[in-house]
Number of protein chains: 2
Amino acid sequence: MTRLTVPPGSLFGPANLPYGVYSAAGAPPRIGTRYGDHVIDLGLLLGESGPDAVFAEPVLNPFMAQGHDRWIAVRRRIGAAVTGDVPEEAVHPADEVRMLMPFDVADYVDFYASEHHASNLGRLFRPDNPSPLMPNWKHLPVGYHGRAASVVVSGTDITRPCGQRKGPADPAPVFGPSARLDIEAEVGFVVGTGNPMGEPVDVADAGNRIFGAVLFNDWSARDIQAWEYVPLGPNLGKSFASTVSPWVVPLLALDAARVDTPPQEPAVLPYLALDRPWGLDIAVEIEWNGQVVSRPPYAAMYWSPAQMLAHLTVNGAPTRTGDLFASGTISGPARDQRGAFIELTWGGQEPVTVAGEPRAFLRDGDEVVLTATAPGADGTRIGFGEARGRVLPAGKDHRCT
Amino acid sequence: MTRLTVPPGSLFGPANLPYGVYSAAGAPPRIGTRYGDHVIDLGLLLGESGPDAVFAEPVLNPFMAQGHDRWIAVRRRIGAAVTGDVPEEAVHPADEVRMLMPFDVADYVDFYASEHHASNLGRLFRPDNPSPLMPNWKHLPVGYHGRAASVVVSGTDITRPCGQRKGPADPAPVFGPSARLDIEAEVGFVVGTGNPMGEPVDVADAGNRIFGAVLFNDWSARDIQAWEYVPLGPNLGKSFASTVSPWVVPLLALDAARVDTPPQEPAVLPYLALDRPWGLDIAVEIEWNGQVVSRPPYAAMYWSPAQMLAHLTVNGAPTRTGDLFASGTISGPARDQRGAFIELTWGGQEPVTVAGEPRAFLRDGDEVVLTATAPGADGTRIGFGEARGRVLPAGKDHRCT
């Protein structure tokens, strides 16, 4: 047995206790938590019999499906266990394990919940419109379904996608690697217990169903997206990859981060009315080749995750354990708080300087890392780990390059 | 042992041999084929050991994942077995079993592949545009992701969805049951063997990856859809339910139905160029409360399933066993060949007569049944079974009614 300590300033102290899936030395996937600089195996820490058999699974889904009361109880047990005697075989230095995709994604939906982001894109793409926001935007959290199969864990390389694009001067569409590869810094929410078809999630019940949050990079090929998206929305411009951070931060750990969402005016319909603060004071940072280029504040988001889940199901649509819904690009009011490069560089017209060079979109070899912290219950800050991805050149085959 | 016969004119003769999942007398799900008026248990017919263990599974996914060569071999074995001595315990009258969802849906994408449908909707919604088609329409098969969790099998009741809508005269959106509930008659294609991320499906290889086809009703709430869909596409207007027919007709059984797709002009980019006929001469019928109101011809579809799969993956997006992609509404050139009621009734302005009454959208209690037939290899016709759904009133709770 061993005693663990948490270094001062660690983002993974007792107020966090996130859930993830790791592999040590190539062994099969195991469920763990992060404590200080260590990954602690939950099966070895808590046992694997009875309801705890879920800790012998290779993904979090069976545990998440056990529901809110169980999440509370297990969180208490983990908190007590990591401060006591811990079996040595349960402990791995965090930098010696490989983190894997923490859950099987059921359906994936991406929202568009930042007023600053939606307004900026409206000004960029529809400069002649009297209002940058669409008429529906303040009445419902606009969202669309994305590809669950291409959600990958941090560290997975991102191959530049190929596809059709057509600039204003092109007489016909051309085919080739995307020339406007971008990111979107988001927070994703993981559904622990879904709702049956025909039984919408009440907005007051959303907190019992959302298991936790991850960082999310919704890689976007702006040229492919611009050509394809009318009238049915984004598809190939997004579906090639999205990156999640490996640690699912429990919603329970984010209670200290709750703040009011910005005032919603006009008033929302009753099914979207919040009964408690659902804003989250999560401070996100975007690193481009190691340099912080933006600090999007999640607290500025107009629509909250509880409203997203209530809206998503109000027509009777079912959700399932492992459903992932993401916030959409997080942007604050200031320029250096914008969560996508197209917005940060105003469509490429106002480049940012990275390593001394003016830059707008991603080049092969570039690496983007999202990180985030939030207030924890004990006055410390808690972290999300990182959502990291490096851009590889487009494939040489497939008639692309 | 028993000998089976197929009634003259049966749509389930030896040229069909579709795959489905049934339950007899409440027993657990089993995989079967349909032969004449009987459902034949494939585990009992072919055995359940070795590679045939997949026939003891409750869904088709493990069998589909075994790949194209195996699909050919199993189809031959079934064809031989059903014409010989069949174990009596493997045979159930088709009207005595309950058909279940035949496969677990991985990702679901809906296309928009009928030129007649897309043109009609363009004329209806954008009457002032010089062309009813969007500029991208003839260059790529436009599509969007939908909700996999709400794909249900034929016979499942469809509860009228609630949601936001806003008519031109409404000062603000109102909330309530959809007043413009509609259908979309489509054919869906099931991916048997997916492609890894970064390795697009060549259009010439699509036939080796598509396992089979189903009928598909993409129920649509037009008022919810109209208010929500700008700029990211349909979401709640579609996600409440989609109905599939219970029998997956093997693509191998549809070889005799292959016809040329309509000429594609302008020429498509190389990654979408077909090397053989990929049109399918499937004749669809739409029954509204027992009365046939439309006969959409699938042969008129502009974009083929091979092109849909090649496009879906050209950016490197992975597909998986159980991926479902649907054609979008099938409409032919004639009025009574339109596959959605909004189109058939021209936005409600030109009602159709059902049971003596002028009708445009669905009322509670209405039932819609899609059926389809196609030429089979032996000169007979083969069938898809039906995609049936009845409309139930909106839920009384959830602040809806």
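What you see is a predicted model, and the numbers here were worked out from it, not measured in a lab. (Residues numbered from 1 in each chain as written. Chains lettered and ligands numbered in written order. Predicted model: local features only at pLDDT ≥ 70, side-chain atom pairs only at ≥ 80, totals over all residues. Heavy atoms only, no water.)

**Focus on the overall build of chain A**
Each helix and strand in chain A was counted, giving 8 helices and 26 strands. The C-alpha extent of chain A, read off along each of the three principal axes, is 70 × 50 × 35 Å. With 401 residues in all, chain A has 62% of them scored as buried. For chain A, the exposed surface amounts to about 13800 Å²; the carbon and sulfur share of it is 53%. In chain A, the 32 positive side-chain charges and the 45 negative ones have mean positions that sit 4 Å from each other. (Helix = DSSP H or I, 4+ residues; strand = E, 2+ residues; numbered from the N terminus. Buried < 20%, exposed > 50% of the residue type's maximum accessible area, 1.4 Å probe, protein only. Areas by Shrake-Rupley, 256 points an atom, 1.4 Å probe, with all protein chains shown as cover. Lys, Arg positive; Asp, Glu negative; His and termini not counted. Charge placed at Lys NZ, Arg CZ, Asp CG, Glu CD.)

**Concerning the interface of chain A and chain B**
Tallying the contact residues gives 55 residues for chain A and 55 residues for chain B. Where chain A abuts chain B, roughly 5500 Å² becomes buried across the two surfaces, and 61% of that area is made up of carbon and sulfur atoms. The interface formed by chain A and chain B includes 2 salt bridges. Among the ionic pairs, Arg147(B) bridges to Asp323(A), the shortest N-O distance being 2.3 Å. Counting across the interface, chain A meets chain B through 28 residue pairs in polar contact (both at pLDDT 80 or more). Across the side of chain A that touches chain B, the residue classes break down as 32 nonpolar, 15 polar and 8 charged. (Contact = heavy atoms within 4.5 Å. Buried area = accessible area lost by both parts, 1.4 Å probe. Salt bridge = Lys/Arg side-chain N within 4 Å of Asp/Glu carboxyl O. Polar contact = N/O pair within 3.5 Å; in protein donor to acceptor, adjacent residues only side chain to side chain. Nonpolar A, V, L, I, M, F, W, Y, C, P; charged D, E, K, R; others polar.)

**Considerations on the sheet that holds strand 25 (residues 367–375) of chain A**
Residues and elements named next belong to chain A. Taken together, the 5 strands give an open sheet; going across it, the order is 9-26-25-20-21, and neighbouring strands pair in mixed fashion. Both edges of this open sheet fall to strand 9 (158–159) and strand 21 (291–294), since each of them pairs with a single strand only. With 6 bridges joining them, strand 20 (residues 283–288) and strand 25 adopt antiparallel strand pairing. Bridge pairing in strand 25 places Val284 opposite Ala372. (Pairing = 2+ DSSP bridges.)

**As for the pattern of salt bridges**
Residues and elements named next belong to chain A. This model, assessed by the stated rule, comprises 44 salt bridges over all chains. Across the pair Arg30 and Asp41 runs a salt bridge whose closest N-O atoms are separated by 2.8 Å. Remark: Asp41 occurs in strand 3 (residues 38–41) and Arg30 occurs in strand 2 (residues 30–35); sequence separation between them is 11 residues. Between Asp205 and Arg209 there is a salt bridge, with its nearest N and O atoms 3.0 Å apart. In this structure Arg209 comes out as buried when scored by relative accessible area, which is 18%.

**Here we look at the relation of the copies chain A and chain B**
Mapping between the two copies of the chain is achieved by a rotation about an axis and a shift along the axis. Once chain A has been moved 0.0 Å along the axis and rotated by 180 degrees, it coincides with chain B to within an RMSD of 0.0 Å. Taken together, the rotation and translation relating the two chain copies correspond to the operation of a two-fold axis. When each C-alpha of chain A is compared by its distance to the rotation axis, Gly233(A) comes out closest, at 2.1 Å. By residue overlap, the copies meet face to face through one surface: 100% of the interface positions of chain A are interface positions in chain B. (Least-squares fit on C-alpha atoms with pLDDT ≥ 70 in both.)

**Observations regarding the sheet that holds strand 21 (residues 291–294) of chain B**
Taken in spatial order, the 5 strands line up as 9-26-25-20-21 (chain B) in an open sheet, and their pairing is mixed. Every other strand in the sheet has two partners, leaving strand 9 (158–159) and strand 21 of chain B as the edge strands with one partner each.

**With respect to the confidence of the model for chain A**
With 99% of its residues at a pLDDT of 70 or more, chain A shows a mean pLDDT of 97. Interface confidence for the predicted complex, given as ipTM, is 0.97, next to a pTM of 0.98. (pLDDT = per-residue confidence, 0-100.)

**Things to note about helix 7 (residues 305–313) of chain B**
Each α-helix turn comprises 3.6 residues. Residues three or four places apart therefore point the same way. With 9 of its 9 residues buried, helix 7 of chain B lies for the most part within the structure. Taken as a whole, helix 7 of chain B has its buried residues at Pro305(B), Ala306(B), Gln307(B), Met308(B), Leu309(B), Ala310(B), His311(B), Leu312(B) and Thr313(B).

**A word on the packing of aromatic side chains**
Applying the stated rule across the entire model yields 26 aromatic pairs over all chains. The interplanar angle of 50 degrees and the centroid separation of 5.1 Å between the aromatic rings of Tyr19(A) and Phe63(A) together place this pair among those described as tilted. With Tyr19(A) in strand 1 (residues 19–24) and Phe63(A) in helix 2 (residues 61–64), this residue pair connects regions lying 44 residues apart in the sequence. Residue Tyr19(A) is classed as buried on the basis of its relative accessible area of 2%. The class for Phe63(A) is buried, based on a relative accessible area of 0%. Consider the rings of Tyr302(B) and Trp303(B), whose centres lie 5.4 Å apart with planes at 75 degrees: the pair is edge-to-face. Tyr302(B) gets classed as buried once you look at its relative accessible area, which sits at 2%. Across the ring face of Phe12(A), the terminal group of Arg34(A) is positioned such that the distance to the ring centre comes to 4.3 Å. (Phe/Tyr/Trp six-rings, centres within 6.5 Å; stacked < 30°, edge-to-face > 60°. Lys NZ or Arg CZ within 6 Å of the ring centre and 35° of its normal.)

**Considerations on the environment of Gly143(B)**
Positionally, Gly143(B) belongs in strand 7 (residues 143–146). Here Gly143(B) falls in the buried class, since its relative accessible area comes to 6%. For the pair Gly143(B) and Tyr22(B), spaced 121 residues apart in sequence, the C-alpha to C-alpha distance is 31 Å. Those residues in contact with Gly143(B) that lie beyond four places of it in its chain are Asn235(A), Asp110(B) and Phe111(B).

**Describing unusual backbone geometry**
All names here are of chain A. Each neighbour pair has its own omega, and for Val230 with Pro231 the value is 0 degrees, a cis peptide bond. Note that the residue after Glu265, namely Pro266, is joined by a cis bond; omega there is 10 degrees. Considering the arrangement of structural elements, one finds Pro266 in the loop between strand 18 (258–259) and strand 19 (279–280). Positive phi, close to 55 degrees, is recorded for Ala25, a residue that is not glycine. Mapped onto the elements of the fold, Ala25 is located in the loop between strand 1 and strand 2. Positioned with a positive phi, Trp346 is a non-glycine residue whose angle comes to about 50 degrees.

**Examining the side chain of Gln225(B)**
Along the chain, Gln225(B) falls in helix 6 (residues 222–228). With near-sequence residues (within four places) excluded, Gln225(B) lies in contact with Ser220(B), Pro234(B), Gly237(B) and Lys238(B).

**A few points about the side chain of Thr319(A)**
With respect to the element layout, Thr319(A) can be found in the loop between helix 7 (305–313) and strand 22 (324–326). The exposure class of Thr319(A) is buried, given its relative accessible area of 5%. At a separation of 2.6 Å, a polar atom in the side chain of Thr319(A) contacts the side chain of Asn195(A). Apart from the residues within four sequence positions on either side, Thr319(A) is in contact with Val191(A), Gly194(A), Asn195(A), Leu309(A), Leu312(A), Thr313(A) and Arg147(B).

**Section: the environment of Trp303(B)**
Residues and elements named next belong to chain B. Residue position: Trp303 is located in the loop between strand 21 and helix 7. Residue Trp303 is classed as buried on the basis of its relative accessible area, which comes to 1%. C-alpha of Trp303 to C-alpha of Ser114: the two residues are 189 residues apart in sequence and 7.1 Å apart in space. Residues contacting Trp303, with those up to four places away along its chain left out, are Ala113, Trp137, Lys138, His139, Leu140, Pro141, Gln264, Val268, Leu272 and Met308. Engagement of the side chain of Trp303 in a polar contact is seen with the backbone oxygen of Trp137, the distance being 3.2 Å.

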